[in-house]
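# Per-entry structural report
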Amino acid sequence: MCVTGASVPLAKLSVRMATSMQLDDVATRRADLHEDYERAAQGLPPRAVVRREDLPAAAAATLGAIRDTLARLWQKVRWERRHFETLWRLAIDAVPLPGNSHMPLARREPCGCGQHGHGGAAVETHAAAAPTPRQHHFWDCAVAKAVVAQINAHNPGPAPISQAQLWLVQAPPGFQQCVWDVVVMAALAATEHGRVRLRGMTRAAAALGIQTAAAAAPEAAVAGAAEAEPDLDEIPPTQLTPPQPGVNPVELACARAVADFWSRLMQFAQLGVPQKGWDGVDATHPILAVVNGEMLCAMPQAMELEA
Ligand SMILES: [Zn+2]
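All values derive from a computational prediction rather than experimental measurement. (Residues numbered from 1 in each chain as written. Predicted model: local features only at pLDDT ≥ 70, side-chain atom pairs only at ≥ 80, totals over all residues. Heavy atoms only, no water.)

## Things to note about the coordination of the zinc ion
Four donors placed tetrahedrally around a metal ideally meet at 109.5 degrees, and six donors placed octahedrally ideally meet at 90 or 180 degrees. Here the zinc ion is held by Cys 111 (SG), Cys 113 (SG), His 136 (NE2) and Cys 141 (SG), and the distances to it run 2.0 to 2.3 Å. Coordination at the zinc ion is tetrahedral, judged from the four donor atoms that bind it and the angles of 104 to 116° they form at the metal. The sequence pattern describing where the donors of the zinc ion fall on their chain is C-x1-C-x22-H-x4-C. Of this pair, Cys 111 sits in the loop between helix H4 (85-91) and helix H5 (120-124) while His 136 sits in helix H6 (residues 133-140), and the two are 25 residues apart along the sequence. (Donors = N, O, S within 2.8 Å, 3.2 Å for Na, K, Ca; no water. Tetrahedral: all angles 85-135°; square planar, octahedral: opposite > 155°, others 65-115°. Helix = DSSP H or I, 4+ residues; strand = E, 2+ residues; numbered from the N terminus.)

So, in structure tokens, the structure goes:
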């Protein structure tokens, strides 16, 4: 972004100017992506549909806070950075989900839960109205719901937690913010863990199906093989294991996500009570409590599996 609008002769373009122009671009792009995230979290229309100045003033006033929230988490939460990654990626739509803001042209992948990306061409023409990949995988999907259900099982408040409370790290009634910070990062990271596992199982099952179809329809098999090609960045080949017979891959992915959620929280509890900011957390606090100077993590709730 060139602020003056006038072009700078190349000979006069210093490294410092070029760097600052690029950083401006990056900052603007990130602010736009953060705004999209905040809108999505609250169910507001995206920037491309309703401009910020056309939003109701109260809604517009909520936008822009996520940047400070992320900065606060980065500074205040003493925890390994690997637990932060999913939230940071999610806030700029950079979890590698085909069809997201960074891969708009990539063909969307059906989710193994069967509720997203299915239905063929007729549905794809209405793709604009369909939930975004981020919306599906981090709120609507059975895997995300299994993790949220764990939080709700310990939620002392009258209402289930909202998408905005989760995505924007806004502590619901009954939760201290310092605990909620950790719960949110654990929940989103665990949801991503479950998503990747479900994708691995779905792709492995598809690859097995392709082997049998290959003899009958070579062209289809080639197309299918390209589709089923594992994303090496994301899934090590050893994890591309088909589900065992009799095991529902969605239930397995939900269980993996739930286990991952609690293992992150238990690991955090083992670090001990942070020196600052935890005075308001007592023995009755949900999920993470402080008892006699020690941090205790609640127990996982039995999962209700759909028949
Ligand atoms: Zn799903």
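## Side note on unusual backbone geometry
Located in the positive-phi region is Asp 93, a residue other than glycine, with phi close to 55°. Relative to the assigned elements, Asp 93 resides in the loop between H4 and H5. Here the phi dihedral of Val 169 falls at roughly 60°; this positive angle occurs in a residue that is not glycine. When you line up the elements, Val 169 lands in the loop between helix H8 (163-167) and helix H9 (177-214). For Val 169, a relative accessible area of 3% puts it in the buried group. (Buried < 20%, exposed > 50% of the residue type's maximum accessible area, 1.4 Å probe, protein only.)

## Considerations on the environment of Cys 113
Residue position: Cys 113 is located in the loop between H4 and H5. Overall, the relative accessible area of 14% leaves Cys 113 in the buried class. For Cys 113 and Arg 195, which are 82 residues apart along the polypeptide, the C-alpha to C-alpha distance reads 9.7 Å. Residue contacts for Cys 113: discarding those within four places in its chain leaves His 136, Cys 141, Leu 198 and Val 250. (Contact = heavy atoms within 4.5 Å.)

## Looking at the packing of aromatic side chains
All chains considered together, the criterion is met by eight aromatic pairs. With a centroid separation of 5.4 Å and an interplanar angle of 50°, the aromatic rings of Trp 74 and Trp 88 are classed as tilted. Of this pair, Trp 74 sits in helix H3 (residues 65-76) while Trp 88 is found in helix H4, placing the two residues 14 residues apart along the sequence. With relative accessibility at 41%, the residue Trp 74 sits in the partly exposed group. Cluster of aromatic residues (ring-pair linked, three or more members): Trp 74, Phe 84 and Trp 88. The ring of Trp 74 carries the charged tip of Arg 81 above its face, separated from the ring centre by 4.0 Å. Taking NZ or CZ as reference, Arg 81 lies 4.5 Å from the ring centre of Phe 84, over its face. (Phe/Tyr/Trp six-rings, centres within 6.5 Å; stacked < 30°, edge-to-face > 60°. Lys NZ or Arg CZ within 6 Å of the ring centre and 35° of its normal.)

## Notes on the side chain of Gln 163
Structurally, Gln 163 is set in helix H8. Here the side chain of Gln 163 touches Gln 135 through a polar contact of 2.8 Å, side chain to side chain. Excluding its chain neighbours within four sequence positions, the residues that come into contact with Gln 163 are Ala 40, Ala 41, Gln 135, Trp 139 and Leu 168. (Polar contact = N/O pair within 3.5 Å; in protein donor to acceptor, adjacent residues only side chain to side chain.)

## Considerations on the nonpolar core
Core analysis: the biggest nonpolar cluster contains 61 residues, and Ile 151, Leu 166, Trp 167, Phe 261, Leu 265, Trp 278 and Leu 288 have the highest contact counts within it. Per-element accounting of this core gives the leading share, 13 residues, to H9. Once you skip the residues sitting within four places of it in the chain, Trp 278 turns out to touch Cys 178, Val 179, Val 182, Phe 268, Val 273, Leu 288, Val 290 and Met 295. (Core = buried A, V, L, I, M, F, W, Y, C linked by side-chain atoms within 4.5 Å.)

## Things to note about the pairing of strand E2 (residues 294-297)
Burial along E2 is one-sided: the face carrying Met 295 and Cys 297 is buried and the face carrying Glu 294 and Leu 296 is not. As paired elements, strand E1 (residues 288-291) and E2 share four bridges and run antiparallel to each other. Across the sheet, Val 291 pairs through a bridge with Glu 294, a residue of E2. What sits between E1 and E2 in their antiparallel hairpin is a turn of two residues, with Asn 292 showing a positive phi close to 50°. (Pairing = 2+ DSSP bridges.)

## Quick look at the side chain of Asp 181
Position of Asp 181 relative to the elements: it lies in helix H9. Here Gln 177 takes part through its side chain, which lies 2.7 Å from a polar atom of the side chain of Asp 181. Not counting chain neighbours up to four residues away, the residues in contact with Asp 181 comprise Arg 72, Leu 73, Val 77 and Val 169.

## Some details on the environment of Lys 276
Here Lys 276 shows up in the loop between helix H11 (249-270) and E1. When its relative accessible area of 74% is taken as the criterion, Lys 276 is described as exposed.

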